[in-house]
Each structure stands twice: as C-alpha cells, then as structure tokens.
Amino acid sequence: MSVLAILQERSGNSCELCTGTDGLSTYHVPPQSSNETQDNTIYTCATCKSQIEEPESIDSNHWRCLNDSMWSEISAVKVVAYRMLSLMKSEGWPQDLLDMMYLEEDDLKWAQSTLLAEGEEAIVHKDSNGVKLNAGDSVVLIKDLDVKGAGFTAKRGTAVRNISLDANDATHIEGRVNGQHIVILTQYVKKT
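Engineer: Account for the pattern of salt bridges, with residues named and values stated.
Structural biologist: Applying the stated criterion across every chain, the model contains three salt bridges. Note that R10 and E16 form a salt bridge whose closest N and O atoms lie 2.8 Å from each other. We classify R10 as partly exposed; its relative accessible area is 27%. Accessibility expressed as a relative area gives 13% for E16, which makes it buried. D137 is the partner of K191 in a salt bridge, and the nearest nitrogen-oxygen pair spans 3.2 Å. In this pair, K191 sits in strand β10 (residues 189-191) while D137 sits in the loop between α6 (105-112) and β3 (139-141), placing the two residues 54 residues apart along the sequence. The class of K191 is partly exposed, set by a relative accessible area of 27%. Residue classification places D137 among the buried residues on the basis of a relative accessible area of 15%.

Engineer: Can you tell me about the sheet that holds strand β9 (residues 180-185), naming the residues and giving the values?
Structural biologist: Pairing within the open sheet is antiparallel, and its three strands lie in the order β7-β8-β9. Each edge of the open sheet is held by one strand with a lone partner, namely β7 (164-165) and β9. As paired elements, β7 and strand β8 (residues 172-177) share two bridges and run antiparallel to each other. The residue bridging L165 from the neighbouring strand is I173, located in β8.

Engineer: Report on the packing of helix α4 (residues 75-87) against helix α5 (residues 93-100), specifying residues and quantitative values.
Structural biologist: Relative orientation and spacing of two packed helices are given, respectively, by the angle between their axes and the distance between those axes. Two elements in contact, α4 and α5, have axes whose closest approach is 8 Å; the angle formed by their N-to-C orientations is 140°. Judged by the angle between their axes, α4 and α5 are oblique. α4 and α5 meet at a crossing whose hand is left-handed. Contacts from Y82, L85 and S86 of α4 reach α5 at W93, P94, L97 and L98. For the contact of α4 with α5, the per-class residue count stands at six nonpolar, one polar and no charged.

Engineer: Mind laying out α6, listing which residues take part and the relevant values?
Structural biologist: Of the positions making up α6, those classed as buried are D107, W110 and A111. The arc enclosing the buried residues of α6, seen along the axis, measures out at 95°, which places them on a common side. In this structure, α6 carries E105, D106 and K109 as exposed residues pointing more than 90 degrees from its buried face.

Engineer: So, the nonpolar core: which residues are in play, and what are the values?
Structural biologist: Ranked by size, the top nonpolar core spans 29 residues in total, and within it L17, V29, I42, W63, L66, V80 and L85 carry the most contacts. Among the secondary structure elements, those contributing two or more residues to this core are α2 (46-53), α4, α5 and α6. If you tally residues by element for this core, the top one is α4, at eight residues. Each residue touching I42, except ones within four places of it in the same chain, is listed here: L7, R10, E16, L17, S25, T26, Y27, V29, A76, V77 and V80. If you look at the next biggest cluster of nonpolar residues, it comprises 14 residues, including L141, I163, I182 and V189.

Engineer: Residue-level account of the sheet that holds β10, with values.
Structural biologist: An order of β6-β3-β10 is seen for the three strands of this open sheet, with the pairing classed as antiparallel. Both outer strands of the open sheet, β6 (159-160) and β10, are each paired with one neighbouring strand and no more. Relative to β6, β3 runs antiparallel, the two being bridged by two bridges. Note on β6: the bridge partner recorded for V140 is A159.

Engineer: Tell me about the state of the cysteines, and please be specific about residues and values.
Structural biologist: Applying the stated criterion across every chain, the model contains zero disulfides. Just so you know, C18 is unpaired, no disulfide at all, and the nearest cysteine sulfur is the one on C45, 3.5 Å from it. Looking at the unpaired C65, the closest cysteine sulfur is the one in C18, lying at 5.2 Å.

Engineer: How would you summarise the packing of α4 against α6 if you had to cite specific residues and measurements?
Structural biologist: Their axes nearest at 9 Å, the elements α4 and α6 cross at an angle of 45°. Between α4 and α6, the interaxial angle falls into the category oblique. The interaxial crossing formed by α4 with α6 has right-handed handedness. Of α6, the residues touching α4 (which contributes S75, A76, K78, V79, Y82 and R83) are D107, L108, W110, A111 and Q112. Each residue belonging to the contact of α4 with α6 can be placed in one class, and the counts come to six nonpolar, two polar and three charged.

Cut-offs and rules
Numbering of residues begins from 1 in every chain and follows the order in which that chain's sequence is written. Residues qualify for local features only when their pLDDT is at least 70, as the model is predicted, and side-chain atom pairs are given and counted only at 80 or more; totals for whole chains, interfaces and linings, by contrast, use all residues. In computing side-chain values, all of the structure's heavy atoms are included and hydrogens and water are not. Here, a salt bridge means any side-chain nitrogen of Lys or Arg that lies within 4 Å of a carboxyl oxygen of Asp or Glu. Per-residue accessibility, obtained with a 1.4 Å probe over protein chains only, is compared with the maximum for each type, and a residue is labelled buried under 20%, exposed over 50%, and partly exposed between these values. Only runs of H or I of at least four residues qualify as helices and only runs of E of at least two qualify as strands under DSSP, and these elements are numbered from the N terminus. DSSP-based pairing: two strands are paired if at least 2 bridges between them are found. Note on geometry: axes are C-alpha line fits, over the in-contact stretch for helices, and angles between N-to-C directions span 0 to 180 degrees. Reported orientations rely on four angle classes, namely roughly parallel under 35 degrees, roughly antiparallel over 145, roughly perpendicular from 65 to 115, and oblique for the rest. When the near helix sits turned anticlockwise from the far one by under a right angle, the crossing is termed left-handed; a clockwise turn instead gives a right-handed crossing. Throughout, a residue-residue contact means that at least one pair of heavy atoms, one from each residue, lies within 4.5 Å. Just so you know the grouping, Ala, Val, Leu, Ile, Met, Phe, Trp, Tyr, Cys and Pro go in nonpolar, Asp, Glu, Lys and Arg go in charged, and all remaining residues, Gly too, go in polar. What the arc measures is the spread of directions leading from the helix axis to the C-beta atoms. Residues belong to a common nonpolar core when they are buried Ala, Val, Leu, Ile, Met, Phe, Trp, Tyr or Cys residues joined through side-chain atoms within 4.5 Å. Here, the term disulfide refers to a pair of cysteine sulfur atoms separated by no more than 2.5 Å.

Treat this as a map of the structure, not an account of what it does.
Structure follows, in structure tokens:
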C-alpha cells in the first residue's frame, strides 16, 4: 500500500489538521528523512499546506481547528500543530493550547527543530535570480566551477538534483555532481 493510500485511509480522506477536503495532498514534515513515510508525512488541504509553507500568510482564525487536531495520536500531526501554535502564540489563545499540549520528548525535539529562537532570523537560501531554494529542489549550474579536492570541473548547465541546504549559511547548498557530494555557492545556481 502506498504512503498516499495509507494517509487517505488514516485521515478518512480529509485534512488531518482542519478536516477540510479541498486540494488534499501529502506534506512531508521536516527535517525528518527525505523519504516520505506514514510516520513523517501528513495528509493536508491546500489552505493548511500553503500557510505551513508560507508562514507570513497565516490566518490565525483558520488554525483554531488545532484545538482538536493537537490531540491526534499521529506524531507528525502533533508536530505540525505545535509549530503552528508556536508561530501564533503572541495572539494569546495559541499559547493556552500550547500550555495544554503534551508531546513525547522525541516529538518535542522534532517540533522545535525548525522553530526560531526569539529574535532569530530565518536562513533563506536563494538562487542567482533571487528565487527561494528548498531542500530537495533541482538546480542548474550557471558557471563552470572547479571542484577543490575532487580534481574536476563542474560544467555550466550541469543539473544538481535533490539539493540539501546548509542550516548555518544561506550561501551554501550541497548536492551530487559526477558522483561527488559537493558544496556549491548559491550565487552560481539557478532553480529549475
């Protein structure tokens, strides 16, 4: 049975966060392994997914549904509920729900792993054109690059698939070129 089929059955073909049914799709909860499994993926509607991926577009009234979904038995659902409540906690009611919420130690670490400390700026990776890069994206090199220590030149136009992002430096991404795992400066890539 595919992950999608398992999630559809588990959720009753509705969003696991708000129970909506419009534009349902899977959402892989970072930073767990890049392979989608039933344990690190949730089934969500287009509204929830767009607000999770673009936190600046959050409509806090939509997220009042977390009052129910935060009690889910599914760890990935609880992790997303915790993160969304944390992003809105300055509004008052989300902090009340956070105070009631219980997560196992491993789930709490997972939930907090992508949250920023107070006053901390998010690291955003952008390609040479200013387009935001995400883990798993594909990029193309826009310049020939000498790969130090590997003894070859990565040619302009080379595709690098399934990139990973450096959590500490917005100018660095990682990927495989000619079978070598290398670090690439974002100013030399274009998102495809």
